[in-house]
Structure formats: C-alpha cells, structure tokens
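# Descriptive analysis of the structure
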Amino acid sequence: MRIGKIIAMALAVTMMASTAFAGATYDKIMKDKKVRIGIMTDSIPGAFFNDKGEWTGFDYDISTELAKRMGVELERVKVNNKTRIAFIQQGRIDVSVANMTHTRERDKSIDFSITYFFDGQKVLAKKGTFASLADMKDKKIATMQGTTSEINLKNALKALGVANPDANIISFQKESECFQALEMGRVAGWTTDATILLGYAAKKPGSFELVGDFLSDEPYGMGMPQDDSALRDAVNAALQDMWRDGTYMNIYNKWYGPETPYAMPMTNQIELWP
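Residues numbered from 1 in each chain as written. Predicted model: local features only at pLDDT ≥ 70, side-chain atom pairs only at ≥ 80, totals over all residues. Heavy atoms only, no water.

Following the criterion strictly, the structure yields 18 aromatic pairs and no others. When the ring of Y248 is compared with that of Y252, the centres are 6.3 Å apart and the planes differ by 20°; the resulting orientation is stacked. Here Y248 pairs with Y252, and both are found in helix α10 (residues 247-256), just four residues apart, close to one helical turn. In this structure, Y248 and Y252 share a single accessibility class: buried. Grouping aromatic residues by their ring pairs yields a cluster made of F58, Y116, F117, Y220, W243, Y248, Y252 and Y256. One cation-aromatic arrangement involves R92 over F87; the distance from NZ or CZ to the ring centre is 3.9 Å. One cation-aromatic arrangement involves K122 over F214; the distance from NZ or CZ to the ring centre is 4.9 Å. (Phe/Tyr/Trp six-rings, centres within 6.5 Å; stacked < 30°, edge-to-face > 60°. Helix = DSSP H or I, 4+ residues; strand = E, 2+ residues; numbered from the N terminus. Buried < 20%, exposed > 50% of the residue type's maximum accessible area, 1.4 Å probe, protein only. Lys NZ or Arg CZ within 6 Å of the ring centre and 35° of its normal.)

Spelled out as structure tokens, the structure:
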C-alpha cells in the first residue's frame, strides 16, 4: 500500500509539473512585459555588428518588430550555432531568431514558427576559380560545425564519389572563421546558406562568387520551447500580420533588395491563415 501511495504521489507531482510548464514561457513574457530573443552576431546580413559596432541586420529588425507586435519590451541575447537551441531548452531565451533551418530532427528538441525566411545552400569560391562543387571535390571545403550545411556537404561529396568526405571538410565554429579560411586560401570553398555567403562576399566586392547549383532548400523558423502553443500562435500571428501590411517586405528589401550588396529575390511568401 505504502509503495503504491508513493508511486501515486510521484505521478501526481509529475503531472502538476507538466501542467506548470505548459504555456509557462508565454505567460512569463506577458507578465514581465519582456521577451528574450536570441540573435546571431556575425551572420551577415542576418544579424551582425557593423563597422560602427552597432548590432544590426535582417533578423535584428524582424525580432524588433516581433516584440513590438507582441506588445512587450525586447531583450536581445547573443547566440551562435551551438547555443541557439541549448539556450531555449535551458530557459535562457524565449525565442531564437537566428537563421535556423527547421528540420524534423531539431523539431524533436524545440518547437518552430512557420517559415519566416527562405534560403538555400550554395558554395562560395574565389572568382573565376571553380564552376561547381564537383570542381573542388578533392580539395578542402569550409563549413559550420553542427549545422545542416555540414550534413548536406557530406552527402553532396558522397554523391560525387568522394570516399571519405570528412577528410575534405574543415568545420569551424563561426561564419567569420570560414570566410577567413577562404580568404587565406586554406580552403577552396565555403558552403552555407546563400544569404550568409552573399553577406561576406560583399566585404570584398568582385573577389568572390557563388558557384554551382543549390545543395538544399533551407526554410528558416523561429525556435521556441516545446509545447507552448500560446507563444507559438503569438509569434505566427505577428509574422503573418507583418506580411499582410507590407512590413515584412520593407525589412526584406532593406537587406536583400536589388539595390543592396546582398540582393536576392524573394522566392516564396509567408504562410497565411484565413
């Protein structure tokens, strides 16, 4: 009997804890009137520090607008490829707006918003050096550690007949390190999302170019804690409203419009609910 009571009490506590955490993030945001959003720091032009030391970029502007539409103050938190999911799980941020591809694997760890940005993976190389990934399949190629880009590159090299793709790949922690390796000739190419590559190529106009076909589609989602539908709905509604009233495209064209160094035509539209 006693053991049965202990088990029953333990189950009750577990159920109470689950209830307490369900929707807890949204409730806290509304109570404190503040949302903590994780943003990158060297992902040009997504979110980065400019020459004046100012934090800026597409994700920076989108996150600013998101907080405004939620009616709360914004606290920006620096994240990178390693911390953007971990910080959500640890409760250190409420939302991650950090050029993160929505994958089924990541969906097991955190929840995602609807797609808020459409990108694809490409390869950057010194201008006039290579025409495609196949031309550099036996050379060193840079990518970001622990990203979908790293996985996609391995698969692409295998498809080209490279027996040991790991021997050809040099993985770095930061985008800036990848670009530096390319500049110094330590690697023949650097592969990640096309918009990031365009951002870094713009630092040295005419020196680099995107080569070959897209290696993948990269739909970006905003990361959030699991099982908080109130927060997810608030974020999704804000994104759709940005699209409907033209704010989204104003921000997009500011960073990716035809007159910018990072020009990339919009390839899709935000998912709209009736």
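Here we come to the domain arrangement of the chain. Examined at the domain level, the chain breaks down into domain 1 (24-118 + 221-256) and domain 2 (120-218). The centre of domain 1, based on its C-alpha atoms, is set 26 Å off from the matching centre of domain 2. Taken together, the contact pairs 15 residues of domain 1 with 16 residues of domain 2. Here domain 1 and domain 2 share an interface that buries about 1,200 Å² over both sides, 49% of which is from carbon and sulfur atoms. Interface area lost by domain 1 to domain 2 is led by D42, I44 and N81, which between them contribute 42%. Inspection of the domain 1/domain 2 interface yields zero salt bridges. Our count for the domain 1 to domain 2 interface comes out at three residue pairs in polar contact (both at pLDDT 80 or more). Breaking the side of domain 1 that touches domain 2 down by element, the ones donating at least two residues are β2 (42-43) and β8 (117-126). Of the residues belonging to the side of domain 1 that touches domain 2, the class tally is six nonpolar, five polar and four charged. (Domains from an automatic or database assignment. Contact = heavy atoms within 4.5 Å. Buried area = accessible area lost by both parts, 1.4 Å probe. Salt bridge = Lys/Arg side-chain N within 4 Å of Asp/Glu carboxyl O. Polar contact = N/O pair within 3.5 Å; in protein donor to acceptor, adjacent residues only side chain to side chain. Nonpolar A, V, L, I, M, F, W, Y, C, P; charged D, E, K, R; others polar.)

UniProt tags residues 34-259 as "domain: Solute-binding protein family 3/N-terminal" (unreviewed entry). With 35% helix and 27% strand, residues 34-259 has end C-alpha atoms that lie 35 Å from one another. (UniProt positions renumbered as here; feature names shortened; annotations may be inferred.)

Let us now look at the side chain of R36. If you trace the backbone, R36 turns up in strand β1 (residues 34-39). Polar contacts involving the side chain of R36 include one to the main-chain carbonyl oxygen of R92, which spans 3.4 Å. If near-sequence neighbours (up to four positions away) are discounted, R36 is found in contact with E75, V77, G91, R92, I93, D94 and V95.

As a further point, take the pattern of salt bridges. Scanning the entire structure with this criterion turns up 10 salt bridges. Its salt-bridge partner being D111, residue R232 comes within 2.8 Å of it at the nearest N-O pair. With R232 in helix α9 (residues 229-244) and D111 in strand β7 (residues 111-112), the pair connects residues that are 121 residues apart, well separated along the chain. A salt bridge links D166 to K154, with the shortest nitrogen-to-oxygen separation between them at 3.2 Å. Separated by 12 residues along the polypeptide, D166 in the loop between α6 (148-159) and β10 (169-172) and K154 in helix α6 bring together distant segments of the chain. Residues participating in the shared-partner salt-bridge network are E65, R69 and D245.

This part is about the confidence of the model for the chain. Of the residues in the chain, 92% reach a pLDDT of 70 or more, and the chain-wide mean stands at 91. In the predicted structure, residues 3-22 sits below a pLDDT of 50 and forms one contact with residues beyond four places in sequence or in another chain. (pLDDT = per-residue confidence, 0-100.)

So, on to the nonpolar core. F58, V95 and W190 are the most contacted members of the largest nonpolar core, which has 66 residues in total. Here the element with the most residues in this core is α9; it accounts for seven residues. Of the domains in this structure, domain 1 (24-118 + 221-256) and domain 2 (120-218) are the two that each give at least three residues to this core. Aside from chain neighbours lying at most four places away, what touches F58 is P45, G46, Y116, F117, Y248, I251, Y252, W255 and Y256. Judged by nonpolar contacts, the second largest core, of 13 residues, contains V123, F130, M136 and A156. (Core = buried A, V, L, I, M, F, W, Y, C linked by side-chain atoms within 4.5 Å.)

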